[in-house]
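Spelled out from the first residue to the last, the chains are:
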Amino acid sequence: MIISDPQRAGRYGFHGLRCWAVVSAIAAAAVTVHLVVDSRVLSLLVAVSAALGTVTAIVIGVRRHHSVSVLPWYLLAAAAVPFAVGTVVREMSPAASTPLDEICTLTGYIGTSLAGVLWLRPRRARAHPDVLLDSALIGLGALLASWIFLITPVLDSGQAAMNTLTTVVFPVFDALLLTLLAHSLATSSRSETSLRLLHLGVAGALLTDIGYRLSAAGALTVSPDVLLLPLLGTYVAVGAAALHPTMTTLNAPRPIRLHHSRQRASVIAVALVVSSLVPVARAPLSPLDQVIVSVVLALLLIGLLIRSERAIGRSARSERQAKYQADHDPLTGLLNRSALLRVLHREHRDWAERSLCLLFVDLDEFKAINDSYGHTVGDELIAEAANRIRTAVRRDDVVARYGGDEFVVLAPLDRDEATKMAERLLGTFMKPFRLSIGEVPLTASIGLACGGPRTIDATVYDLIRDADAAMYLAKRRGFGYMFHDAMRHTPAEPIQHSWQRETAV
């Protein structure tokens, strides 16, 4: 069982503060020694000590907080050692770089990348395609910049095959780590403190390697002591992340945060602008560079078009959903009252020259059932009644929930067709309703109001008023249904209609 953040913070509050104080003191001391003391050997010892401290912090954090998945943490711990060895070899060697230096650094990159993939894997099943696409676009932009500024200068310099291979591989890993970083940032919540610290650690490792690559390519002149600073920050951030209680939640499934699409689009826009300017900065380009740049730019353009198309489709779906919710009753899916009052304008072209009839349906004794069994059962009854009404009318007829237990059917009907529809509707209510509490009998009363061809300026208000009045009289006298124009000469006793005779038989 995983202890929640507040519980774990209370349990390990004192020990956590003490560990954080120790980490902060060590980090401050390391940076001070590195900047103040002008000794290459001492600076390297500080870097190695920071790496060993990171490994120790990971071991302590895993044992103290009982992480569910320890493999990613141990991969980070294993990656810290070759990173430190590679740094020592690179700084102590008179050459710009050596195979051992590159192999150690590459091993550290592989361990870090595997840890990142393992942490992101639980999110992959729920990851949204837009988030994956945005991360890939950012990675492609980084890969293009890496090719022009980091890989091409070394390829043109004619270095040894081993150096050339590692020079090509490292920028690719940088682009991969940047893609993982962008994807993790897009799918993580602000409460994941440990993950935020790991983000800082990955950013520090990227800055360190990019600085070394730019220096090797002759595009940047910077002191090695300065390049060690982000690496020290990486060690401190990873160690602090391992000691924080939220380190236990990094491998747990969590909902994907999708509502930051605009922020990701801004980052993509910057990446595209930079990518479009990169070839100009290194002009003229060799044939190989032209092919690589063209392919990457084409992939960026295709990805951007796909993203734009998905954004347009998502906006259209949201607009349709909002319009549907504005016009439909959420319980039954029928039109609501406001949409019903606009229906003549919508159907004017088909109904302008035809007589209309409105049927006002009210459920008998619904209030008693709703009060006796509760609103949940009442909602079941309303939804089932709506389904029965929908199946009893024609496909093009308008059906709406007017409010409460009242429904309206509006259709181009003459008097005989309206009579048949009313009897068909009442016949569907003769069977008991099967609800969660069992079978519940329920009948309905219908009022009808018909009129001749109507103009676009006419509304349904008159028909609703007349049909409502006819429905109340039909309910009071037990007629089942009644036309408004027949209210004046209605007999006191109900007439047995065809739907009643069929049910009796």
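As a reminder, the structure under discussion sits directly above these lines.
Keep in mind that what you see is a predicted model, and the values were worked out from it rather than measured.

What counts and what doesn't
- The written sequence of each chain sets the order in which its residues are numbered from 1.
- Only residues with pLDDT of at least 70 are given local features in this predicted model, and only at 80 or more are side-chain atom pairs given and counted; all residues enter the totals for whole chains, interfaces and linings.
- Just so you know, side-chain values use all the structure's heavy atoms and leave hydrogens and water out.
- Segments assigned H or I by DSSP are reported as helices when at least four residues long, segments assigned E as strands when at least two residues long, and all are numbered from the N terminus.
- Residue exposure (1.4 Å probe, protein chains only): buried if accessible area is under 20% of the type maximum, exposed if over 50%, otherwise partly exposed.
- Whether two residues are in contact is decided by their heavy atoms, any of which lying within 4.5 Å being enough.
- In this description, accessible areas are obtained by the Shrake-Rupley approach with a 1.4 Å probe, and a residue is regarded as covered only by the protein chains that are shown.
- Under this definition, polar contacts are N or O atom pairs within 3.5 Å; protein pairs additionally need one hydrogen-donor-capable and one acceptor-capable atom, and for neighbouring residues in sequence, both atoms have to be side-chain atoms.
- Here the rule is simple: two strands pair whenever DSSP picks up at least two bridges between them.
- Fitted lines through C-alpha atoms give the axes, limited to the stretch in contact for helices. The angle between two N-to-C directions lies from 0 to 180 degrees.
- Regarding the arc, it is the one traced by the directions from the helix axis to the C-beta atoms.
- By the definition adopted for this analysis, an angle is roughly parallel if under 35 degrees, roughly antiparallel if over 145, roughly perpendicular if from 65 to 115, and oblique otherwise.
- Three categories are distinguished: nonpolar for Ala, Val, Leu, Ile, Met, Phe, Trp, Tyr, Cys and Pro, charged for Asp, Glu, Lys and Arg, and polar for the others, with Gly belonging to the last.

A.B. asks: Can you break down the overall build of the chain residue by residue, with the values?
C.D. replies: Helix and strand content of the chain: 19 helices and seven strands. Split into buried and exposed, the 505 residues of the chain put 47% on the buried side. Considering only residue pairs separated by 6 or more positions, the chain has 74% of its internal contacts joining residues 24 or more positions apart. As displayed, the chain has an accessible area near 25600 Å², and 63% of this comes from carbon and sulfur atoms.

A.B. asks: Tell me about the side chain of R401, and name the residues and values.
C.D. replies: Its place among the elements puts R401 in strand β2 (residues 398-403). For R401, the side chain forms a polar contact with the side chain of D329, separated by 3.3 Å.

A.B. asks: Before we move on, can you summarise the sheet that holds strand β1 (residues 356-363) with the specific residues and values?
C.D. replies: Strand pairing in a sheet takes place through backbone hydrogen bonds and is either antiparallel or parallel in direction. Spatially, the five strands line up as an open sheet ordered β2-β3-β1-β6-β7, and their pairing is mixed. Each edge of the sheet is formed by a strand with only one pairing partner; in this case those strands are β2 and β7 (481-483). In this sheet, neighbouring strand axes are inclined to one another by 20° on average, regardless of whether the strands run parallel or antiparallel. Across three bridges, strand β6 (residues 444-451) lies against β7 in parallel orientation. The residue of β7 that forms the bridge with G447 is M482. Set on the sheet, helix α16 (residues 375-392) makes contact with β1, β2 and β3 (406-411); between it and β3 the angle comes to about 15°.

A.B. asks: How would you explain helix α15 (residues 366-373) if you had to name every residue and give the values?
C.D. replies: For α15, the full list of buried residues reads F366, I369 and N370. With its buried residues spanning 100° around the axis, α15 presents them on a single face. More than 90 degrees from the buried face of α15, the exposed residues found are K367, D371 and S372. Summarising the contacts, the buried residues of α15 are in contact with β1, α16 and β5 (438-440). Downstream of α15 by a residue or two, G374 has a phi angle that is positive, lying close to 100°.

A.B. asks: Could you give me a rundown of the pairing of β2, with the residues and numbers involved?
C.D. replies: With five of six residues buried, β2 lies mostly within the body of the structure. Pairing between β2 and β3: five bridges, direction antiparallel. Each residue of the ladder has a partner; that of V398, found in β3, is L410.

A.B. asks: Now, about the packing of α15 against α16: what can you tell me, with residues and values included?
C.D. replies: At a closest axis distance of 6 Å, the pairing of α15 and α16 adopts a crossing angle of 140°. Taken together, α15 and α16 sit at an angle that is classed as oblique. In this structure, α15 contributes F366, I369, N370 and Y373 to the contact, and α16 contributes H375, V377, G378, L381 and I382. Residue composition of the contact of α15 with α16, grouped by class: six nonpolar, three polar and no charged.

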